[in-house]
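Residue-level listing of the chains:
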Amino acid sequence: MAASSNAEQTHLQDMEEGDAGMEERDMGSDEGEEEEDGMGVENSEEEEDNSSEDEKENEAEIQRLEEQLSINAFDYNCHLDLIKLLKQEGELLRLRKAREKMGELFPLTEEIWLDWLKDEIRLTEEEPNRDKVYELFETAVKDYICPDIWLEYAQYSIGGMGSPGGMDKVRSIFERAVTAVGLHVTKGQAVWEAYREFENAMQSTVQPPPGRILSREEQELLKAQIERIHTLFRRQLAVPLMDMESTYAEYEEWSEDGVAETVVHQYKRALQQMAKCRPFEEALIAAEPPKLAEYQSYIDFELKEGDPARIQMLFERTLAENCLVPDMWAKCTIYLDRQLKVKDLVLSTHERAVRNCPWTMGLWKSYLLALERHGADHPTVSDVFEKALTAGFIQATDYVDIWQEHLDYLRRRVDFSKESSKELEELRGAFTRSLDYMKQDVEERFGESGDPSCIIMQIWARIEALHCKNIQKARELWDSIMTKGNAKYANMWLEYYNLERSYGDPVHCRKALHRAVQCTADYPEHVSEVLLTFERVEGSLEDWDVAVQKTETRLNRLNVQRAKVAEKEANVARQEEDKSDQRRKNKGDKKAQKKGQKGTRAGEKRKAEQDDYHDQWNDKSATKRHRGHGDQTTDEHMETEAGLFGRKAPPGYKPAATGNKRGQQGAAAATVQKHNNDDDKPELRNDNSSVFISNLAYTLEEPEAKLRTLFETCGPIAQIRPVFATKGTFKGYGYVQFESTVSVAEALKLDRREVEGRPMFVSPCVDKNKNPDFKVFKYQTAMEKQKIFISGLPFSCNKEQLEELCKSHGTIKDIRLVTYRSGKPKGLAYVEFADEAQASQAVLKMDGMCVEDNTIAVAISNPPRRNLDKAGSNRPMMDMPRQVFGARGRGRTQLSLLPRSLHRQSGLVSKVENGTAAEQVPAAGETKPLSNSDFAKMLLSK
């Protein structure tokens, strides 16, 4: 009572000082009102008009928001806007109702709760009944573990100390506060200090003035109060908190008897624990929301330490900042279910989880299991299940899972030793309701039932057959299952057969298998084998003959159908192959056309002019000219055959010495033909067991030995074929052929292996002439949400440095640095994380980061679509003639100095059919070089 009287005196003094200040402000305002009276009238009228208009607009907006909420009560943003407007207007009663409606549907944030509590405290200042505010505080502290709300709660309770039992109520609230948030490393200290300040204030009320001698009762009260403060210091110093050192120094200064050894020992242990936690706390302070990666690493650390109270507090801190992350709620509830197993704590956490993330079926399922595990009554469990059905799951299969969980719960309540019971009828009614719910509500919303295999009906049939001994009901259920499109699946028939085998009789087993053979479309051979096996064990000779006849008839008919399908597929494949052959033929013709254009150079033009001049004046030269054209045809024929190897001659081909040109061409053609024949031999070349190696350095010494060393770990090597130029220099690519095709997969893993400073490319060995559309690109071309793309890296950055840079944001699965063909880095990289959340967190943290004075850009990997319309693809090409330049190349002006009247479209195109040279016809758009004889003829004709 002494404490309450002192508080009342202090309150009266504050009110007197406030009244005096108000009188001074009133006197000053009266003096100013006389001078500004004239202008004030006009301004006040304008302000009243503006305020009235604003009020009308706000009222209209409030009505619009209320109407919108009447249509969709789950509009979270609409609730926030309505509360904000009502608070501006000062409509406290309407504001209270709006907050209550929002609190029924959603858990409120710390900011919303603090605003609501302050407004309610202001409303109830004049009311003697404080129970409404206490109830509101009790609701607030259940949503989230927030130290600020607990401090406000304790502060408010101090104001009611004068009521009966007020002192005990304050201490009770403080004890609950330090139990709930006293372990909060960063904010828990404020709660402890508030508690100690309150007890210090209580000590001052029992502390006698100097010179006064205390009675025995007063001495005991003072001693008990001092011991309370000692206890608070000891409890706080045993908890790892930020700024523990200042608390210890304060205790040393306050305590007259010094600090006990046990307290010093506990304090040092807490300091050591705080030193372990400090890096995680600093990471949280430096991080930006949502801080999931930092919190997860902190939780993993605390789980290893094994202190349940600290683990629970850390989960609460994480959930306060990430209340809409279902995975975090799931981890928290799993820990509480398996480790703490405290009923009130477990069930309250599950209830908060489904309020925050109602769309997550897994949280509702865990909640129902927890209720059953902790012995909740049947109406409570049923009520939670009904709420789950209205939660709005995002998949049809979620409703199947939640119904299965509820049906399992109802089945466990049934005593099957009784023929009939209330629980059994409730179970059967629930099965019937679940099927109707899937057919009506779920199909109407998602367009599918979510249970195509009829799992719920299968479970019902098995319960009827096993527990209720009602095999007839089970058969009726399976008939319904088969009529829902499941009769064509062998596994469904075998499931029904196993049910009849266990709880039915051989007659119905045989009937089920005969129907299965007739209806199964995916694995009829397997069903037929089961039927024959059954007749071997159970059936008579007549049954065996019927089974053999039925299975043979069914399989023969099925083989005929399969043959028709195979023939149809073969025709389609043949058409595709014909189209591919036509594309290759067109491609070869275009290559021959281009090579013919390249051959028309200035020297050849002058030679053609000289031959034409001799043809005009010398009959003998005509024969030589005829032979020259024959040689040109042979050249083009050889190039067409050599096209199998690309533009260049194959490895091992060497031109003959300068001499007879026809002899050279004949030798070249023979060499090419011989090489082709060698490569086509199966014992020499097998593309299926070979890999193509490219991008090697031209200066690579002994490439065959080097390649053998690199690839001998992949498997036995049959041969290695490095490709050399005509001068004997290595061309940077080759082939490695293994003895087995199994080694090819291991060899492909060496792709991009660095060999003498360059990345070695390893790809499957595919003949491009037979497969012109074959492309090798092993990386994804679509968005990869678990992978990030980094650009702007310094060229000196390697994999180890990049891994060190990224590992703090999640678990790294792979790192790929992008390089040029020469092996030099491009400053780009791809980093793959374990999941999408870690990749998103890395983007938020790393984008714009400086690495060795380079600002990097980070984004989710979303490569552009690869451009397949390049030369050599199957897209149609424009028939544009290639411009032929002279021996000196493209001129500066590109102007034709030949008169237009002398232009002719008479270029020669070689038509090659079946490997033989046919007639040469002029190609449209090409110009034949005119010789001196042509000019002479034209002049003479004039």
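Note that the structure is predicted; figures quoted are calculated from it, not measured.

A.B. asks: Residue-level account of the overall build of the protein chain, with values.
C.D. replies: Within the protein chain, the regular secondary structure consists of 34 helices and 13 strands. Working note: accessible area of the protein chain is about 57,400 Å², and carbon and sulfur atoms make up 50% of it.

A.B. asks: So what's going on with the nonpolar core? Which residues, and what values?
C.D. replies: One finds F137, I149, W364, F393, I402, W403 and W478 to be the most contacted residues of the largest nonpolar core, which totals 146 residues. Examining the composition of this core, we find that 8 residues originate from one element, helix 19 (residues 396–413), more than from any other. Not counting chain neighbours up to four residues away, the residues in contact with F393 comprise P358, W359, T360, M361, W364, A388, D398, Y399, I402, R445 and F446. Membership of the second largest hydrophobic core comes to 19 residues, among which are L696, C714, I720 and V755.

A.B. asks: Give me the lowdown on the sheet that holds strand 11 (residues 857–861), citing residues and values where you can.
C.D. replies: If you walk across this open sheet you meet the 4 strands as 7-8-6-11, and the pairing is antiparallel. Both outer strands of the open sheet, strand 7 (812–819) and strand 11, are each paired with one neighbouring strand and no more. Shown here is a sheet whose adjacent strand axes are inclined to one another by a mean of 20 degrees, direction ignored. In the sheet, strand 7 pairs with strand 8 (residues 825–833) via 7 bridges, with the strands oriented antiparallel. Its bridge partner being in strand 8, I812 is matched across the sheet by F833. Taken strand by strand, helix 32 (residues 799–806) contacts strand 6 (784–791), strand 7 and strand 8, and its axis lies near 135 degrees from that of strand 7. Each of strand 6, strand 8 and strand 11 touches helix 33 (residues 836–846); the most contacted strand, strand 6, lies at about 25 degrees to it.

A.B. asks: Describe in detail the side chain of R317, supporting the description with residues and values.
C.D. replies: With respect to the helices, strands and loops of the structure, R317 is situated in helix 14 (residues 308–321). In this structure R317 touches H184, V185, T186, E281, L284, Y295 and Y298, once residues within four positions along its chain are discounted.

A.B. asks: Can you tell me about unusual backbone geometry, naming the residues and giving the values?
C.D. replies: Between P289 and the following residue, P290, the backbone shows a cis peptide bond with an omega angle of 10 degrees. Residue N695 is not a glycine yet carries a positive backbone phi of 65 degrees. Tracing the backbone through its elements, the reader meets N695 in the loop between strand 1 (690–694) and helix 30 (703–711). Within the chain, E702 stands out as a residue other than glycine whose phi angle is a positive 50 degrees. Here E702 lies in the loop between strand 1 and helix 30.

A.B. asks: Explain the environment of D327 residue by residue, including any values.
C.D. replies: As for its placement among the helices and strands, D327 is situated in helix 15 (residues 326–340). Accessibility expressed as a relative area gives 55% for D327, which makes it exposed. Spatially, the C-alpha atoms of D327 and L363 are 9.2 Å apart, while their sequence positions differ by 36 residues.

A.B. asks: Which residues make up the pairing of strand 8, and what values do they have?
C.D. replies: Bridge count for strand 6 against strand 8 is 5 bridges, and the pairing is antiparallel. Residue pairing across strands places I790 opposite A829, the latter belonging to strand 8. Counting the residues between successive antiparallel strands, the hairpin from strand 7 to strand 8 contains 5 residues, one of them, G823, with a positive phi of roughly 95 degrees.

A.B. asks: Can you tell me about the packing of aromatic side chains, naming the residues and giving the values?
C.D. replies: Inspection of the entire model under this criterion finds 27 aromatic pairs. Geometry around Y156 places R130 over its ring, the cationic atom sitting 3.9 Å from the centre. Above the face of the Y820 ring, K826 is positioned so that its terminal group lies 5.0 Å from the ring centre.

A.B. asks: Tell me what's going on with the sheet that holds strand 5 (residues 758–764), and back it up with residues and numbers.
C.D. replies: Across the sheet, which stays open at both edges, the 5 strands sit in the order 2-3-1-5-4 with antiparallel pairing between neighbours. Strand pairing shows two members of the sheet lacking a second neighbour, strand 2 (717–724) and strand 4 (753–755), which therefore form its edges. The sheet shows a mean angle of 30 degrees between the axes of neighbouring strands, taken without regard to direction. Across 4 bridges, strand 1 lies against strand 3 (residues 730–738) in antiparallel orientation. By the bridge assignment, F692 is partnered in strand 3 with Y735. Packed onto the sheet, helix 30 meets strand 1, strand 2, strand 3, strand 4 and strand 5 and runs at close to 140 degrees relative to strand 2.

A.B. asks: So, a nonpolar patch on the surface: which residues are in play, and what are the values?
C.D. replies: A grouping of L324, W359 and I394 is seen on the molecular surface, where their side chains present a nonpolar patch of about 320 Å² in accessible area. Note that W359 resides in the loop between helix 16 (343–356) and helix 17 (361–373). Exposure remark for W359: the relative accessible area of 32% places this residue in the partly exposed category.

A.B. asks: So what about helix 8 (residues 166–181)? Which residues, and what values?
C.D. replies: For helix 8, spanning 16 residues, the distance from its first C-alpha to its last is 22 Å, which sits close to the expected 22 Å at 1.5 Å a residue. For helix 8, the full list of buried residues reads G166, V170, R171, I173, F174, A177, V178 and V181. For helix 8, the angular spread of buried residues about the axis comes to 160 degrees, placing them on one side. Exposed side of helix 8, more than 90 degrees from the buried face: D168 and T179 are the residues found there. Turning to helix 8, the residues buried within the fold contact helix 6 (131–143), helix 7 (147–158), helix 9 (188–206), helix 10 (216–237) and helix 14.

A.B. asks: So, helix 15: which residues are in play, and what are the values?
C.D. replies: It helps to recall that an α-helix has 3.6 residues per turn; residues three or four apart then point in one direction. Helix length check: helix 15, at 15 residues, gives a terminal C-alpha distance of 20 Å against a target of 21 Å (1.5 Å per residue), a fit within 8%. Within helix 15, burial applies to M328, W329, C332, T333, Y335, L336 and D337. Taken together, the buried residues of helix 15 touch helix 13 (292–305), helix 14, helix 16 and helix 17. Directly after helix 15, the chain includes K341, whose backbone phi takes a positive value near 60 degrees.

A.B. asks: I'd like a description of the confidence of the model for the protein chain, backed by residues and values.
C.D. replies: Mean pLDDT over the protein chain: 79, with 75% of residues reaching 70 or higher. Every residue in residues 868–896 is under pLDDT 50, and counting partners more than four places away or in other chains gives 20 contacts. Taken as a whole, residues 901–926 scores under 50 in pLDDT and shows 45 contacts with residues more than four places along the chain or in a different chain.

A.B. asks: Quick one: what's the story with the pattern of salt bridges, residue by residue and with numbers?
C.D. replies: Enumeration over the complete set of coordinates arrives at 41 salt bridges. Between D119 and R122 there is a salt bridge, with the nearest N and O atoms lying 2.9 Å from each other. Placement of the pair is D119 and R122 together in helix 5 (residues 110–123), with a separation of 3 residues, close to one helical turn. Taking relative accessible area as the criterion, R122 reaches 47% and is therefore assigned partly exposed.

A.B. asks: Explain the packing of helix 15 against helix 17 to me, and be specific about the residues and the numbers.
C.D. replies: Interhelical geometry of helix 15 versus helix 17 gives an angle of 15 degrees and a closest axis separation of 11 Å. By the criterion of interaxial angle, the relationship of helix 15 to helix 17 is roughly parallel. When you trace helix 15 past helix 17, the crossing you get is left-handed. Contacts between helix 15 and helix 17 pair P326, W329, A330 and D337 from the former with L363, A370 and R373 from the latter. Looking at the contact of helix 15 with helix 17, its residues break down into 5 nonpolar, no polar and 2 charged.

A.B. asks: For the side chain of H809, give the residues involved together with the corresponding values.
C.D. replies: With respect to the helices, strands and loops of the structure, H809 is situated in the loop between helix 32 and strand 7. With residues up to four places along the chain from it excluded, the contact list for H809 reads A293, F833, Q838, A842, K845 and M846.

A.B. asks: So what's going on with a negative patch on the surface? Which residues, and what values?
C.D. replies: Together, E53, D54, E55 and E57 line one region of the surface with negative charge. Mapped onto the elements of the fold, E55 is located in helix 2 (residues 37–71).

A.B. asks: Account for the packing of helix 5 against helix 6, naming residues and giving values.
C.D. replies: Where helix 5 meets helix 6, the axes come as close as 10 Å, and the angle between the chain directions of the two elements is 175 degrees. The orientation of helix 5 with respect to helix 6, classified from their angle, is roughly antiparallel. Residue-level contacts link W113, W116, L117, E120 and I121 of helix 5 to V133, L136, F137, T139, A140 and D143 of helix 6.

Cut-offs used in this document
- Each residue is numbered by its place in its chain's sequence as written, counting from 1.
- Totals for whole chains, interfaces and linings use all residues, but because this is a predicted model, local features are given only for residues with pLDDT of at least 70 and pairs of side-chain atoms are given and counted only at 80 or more.
- Only hydrogens and water are set aside when side-chain values are computed; all heavy atoms of the structure are taken into account.
- Helix and strand labels come from DSSP, where a helix needs a run of H or I of at least four residues and a strand needs a run of E of at least two; each type is numbered from the N terminus.
- Values of accessible area rely on a 1.4 Å probe in the Shrake-Rupley scheme; residue burial ignores everything except the protein chains shown.
- The term nonpolar core refers to a set of buried residues drawn from Ala, Val, Leu, Ile, Met, Phe, Trp, Tyr and Cys, joined through side-chain atoms within 4.5 Å.
- Burial classification: accessible surface area is computed with a 1.4 Å probe over protein chains only, and a residue below 20% of its type maximum counts as buried, one above 50% as exposed, and the rest as partly exposed.
- Whether two residues touch is decided by their heavy atoms; if any such pair falls within 4.5 Å, the residues are in contact.
- Two strands are said to pair when DSSP picks up at least two bridges between them.
- Fitted lines through C-alpha atoms give the axes, limited to the stretch in contact for helices. The angle between two N-to-C directions lies from 0 to 180 degrees.
- Pairing of aromatic side chains here covers Phe, Tyr and the six-membered ring of Trp, requires ring centres within 6.5 Å, and sorts the geometry by plane angle: under 30 degrees stacked, over 60 edge-to-face, intermediate tilted.
- Look at NZ for Lys and CZ for Arg. If either is within 6 Å of the ring centre and within 35 degrees of the ring normal, a charge sits over the ring.
- By definition, no residue in a patch forms a salt bridge, and every one has over 30% relative accessible area; like charges are joined within 9 Å, nonpolar side chains (Val, Leu, Ile, Met, Phe, Trp, Tyr) within 5 Å.
- By convention in these notes, a salt bridge is any Lys or Arg side-chain nitrogen within 4 Å of a carboxyl oxygen on Asp or Glu.
- Multiplying 1.5 Å by the residue count of a helix minus one yields the expected span of that helix.
- When we speak of the arc, we mean the arc of directions from the helix axis to the C-beta atoms.
- Per residue, pLDDT measures the predictor's confidence, with a range of 0 to 100.
- For classification purposes, angles smaller than 35 degrees are called roughly parallel, those larger than 145 roughly antiparallel, those between 65 and 115 roughly perpendicular, and all remaining angles oblique.
- For a crossing to be left-handed, the near helix must be turned anticlockwise from the far one by less than a right angle; the clockwise case is right-handed.
- Charged residues are taken to be Asp, Glu, Lys and Arg, nonpolar residues to be Ala, Val, Leu, Ile, Met, Phe, Trp, Tyr, Cys and Pro, and polar residues to be all remaining types, Gly included.
- Working convention for charge: Lys and Arg count positive, Asp and Glu count negative, and His plus the chain ends are omitted.
- Just so you know, the charge point we use is NZ for Lys, CZ for Arg, CG for Asp and CD for Glu.

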